[in-house]
Amino acid sequence: MFSSENGNIAAFDAAGERLWFKDYSSQASPPSADASAVYAGFSNGTVRKFSLYDGSVIWETDIVSSTSRCVLARPVIVGDMVLCGTNDGQLASLAISDGSILWRQNFDNWVQLPPAVGQEMVYVACDDQRIHILDLN
């Protein structure tokens, strides 16, 4: 899988053959994948789940309503949820099944790096020079 600043996202098989390619007008975050899907955030504030096999969009969730904001951090897959950080200072947890927002946490500054997860805790680094620790649930 790969994504680019000009909005391209694609998946390749183990032999390097391209499985699919999408071209969006908004910048794509680095993608994440599980056994059947690819997840990416876009600079228009949406997170999309794509079929790993053909690139069809399974769901799309708008987590940032302003067009001047974007989803920056690589989505992190944790069990039945996807965690997404944004440059408007929030971390959103989305249901892996349908993209519904499970919870949000607002911070004082950008969440540019993917959060780390361990033992039911989420560790979030923001541009406020602090580490924030949240309960995963």
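Look up a bit, the structure's there.
A brief report on the enclosed structure follows. As the structure is a prediction and not an experimental result, all values here were calculated from the model. (Residues numbered from 1 in each chain as written. Predicted model: local features only at pLDDT ≥ 70, side-chain atom pairs only at ≥ 80, totals over all residues. Heavy atoms only, no water.)

**Observations concerning the overall build of the protein chain**
Right, on to step 1. Of regular secondary structure, the protein chain possesses 0 helices and 14 strands.
Right, on to step 2. Moving toward the C terminus, one meets the helices and strands of the protein chain in the order β-β-β-β-β-β-β-β-β-β-β-β-β-β.
Right, on to step 3. In terms of overall size, the protein chain behaves like a compact globule, its C-alpha atoms giving a radius of gyration of 14 Å where 137 residues would be expected to give roughly 14 Å.
Right, on to step 4. When the backbone C-alpha atoms are referred to their principal axes, the protein chain occupies close to 40 × 35 × 25 Å.
Right, on to step 5. Long-range pairs, those at least 24 residues apart, make up 36% of the contacts in the protein chain with a sequence separation of at least 6.
Right, on to step 6. Element-wise, carbon and sulfur atoms account for 46% of the exposed surface of the protein chain, whose accessible area totals about 6900 Å².
Right, on to step 7. Once the 8 positive and 16 negative side-chain charges of the protein chain are each reduced to a mean point, those two points are 4 Å apart. (Helix = DSSP H or I, 4+ residues; strand = E, 2+ residues; numbered from the N terminus. Rg over C-alpha atoms; globule rule 2.2 N^0.38 Å. Contact = heavy atoms within 4.5 Å. Areas by Shrake-Rupley, 256 points an atom, 1.4 Å probe, with all protein chains shown as cover. Lys, Arg positive; Asp, Glu negative; His and termini not counted. Charge placed at Lys NZ, Arg CZ, Asp CG, Glu CD.)

**Some remarks on the environment of Ala-37**
Right, on to step 1. In this fold, Ala-37 is placed in strand E5 (residues 37–41).
Right, on to step 2. Under the relative-accessibility criterion, Ala-37 is labelled buried at 0%.
Right, on to step 3. Along the backbone, Ala-37 and Tyr-53 are 16 residues apart, and their C-alpha atoms lie at a distance of 7.8 Å.
Right, on to step 4. Sequence-distant contacts of Ala-37, that is, excluding residues within four places in its chain, are made with Ser-32, Lys-49, Phe-50 and Leu-52. (Buried < 20%, exposed > 50% of the residue type's maximum accessible area, 1.4 Å probe, protein only.)

**Some details on the pattern of salt bridges**
Right, on to step 1. The full count for this structure, using the stated rule, is 3 salt bridges.
Right, on to step 2. The shortest N-O distance in the salt bridge between Arg-48 and Glu-60 comes to 2.8 Å. Taken together, the residues Arg-48 in strand E6 (residues 46–51) and Glu-60 in strand E7 (residues 57–62) connect sequence positions 12 residues apart.
Right, on to step 3. Among the ionic contacts, a cluster of salt bridges with common partners joins Asp-108, Asp-128 and Arg-130. (Salt bridge = Lys/Arg side-chain N within 4 Å of Asp/Glu carboxyl O.)

**With respect to the side chain of Thr-61**
Right, on to step 1. By the element assignment, Thr-61 lies in strand E7.
Right, on to step 2. Note on Thr-61: relative accessible area 10%, which makes it buried.
Right, on to step 3. Here the side chain of Thr-61 touches Gly-99 through a polar contact of 2.6 Å, landing on its backbone oxygen.
Right, on to step 4. With near-sequence residues (within four places) excluded, Thr-61 lies in contact with Gly-45, Thr-46, Val-47, Leu-94, Gly-99, Ser-100 and Ile-101. (Polar contact = N/O pair within 3.5 Å; in protein donor to acceptor, adjacent residues only side chain to side chain.)

**A few points about the nonpolar core**
Right, on to step 1. Ranked by size, the top nonpolar core spans 13 residues in total, and within it Leu-83, Leu-91, Phe-107, Val-122, Val-124 and Leu-134 carry the most contacts.
Right, on to step 2. At the level of secondary structure, the elements contributing two or more residues to this core comprise strand E8 (76–78), strand E9 (81–85) and strand E13 (121–125).
Right, on to step 3. If we skip the residues at most four places from it in the chain, Leu-134 touches Leu-91, Trp-103, Gln-105, Phe-107, Glu-120, Met-121, Val-122 and Val-124.
Right, on to step 4. Residues Tyr-39, Ile-63, Val-82 and Ala-92 belong to the second largest nonpolar core, which totals 12 residues. (Core = buried A, V, L, I, M, F, W, Y, C linked by side-chain atoms within 4.5 Å.)

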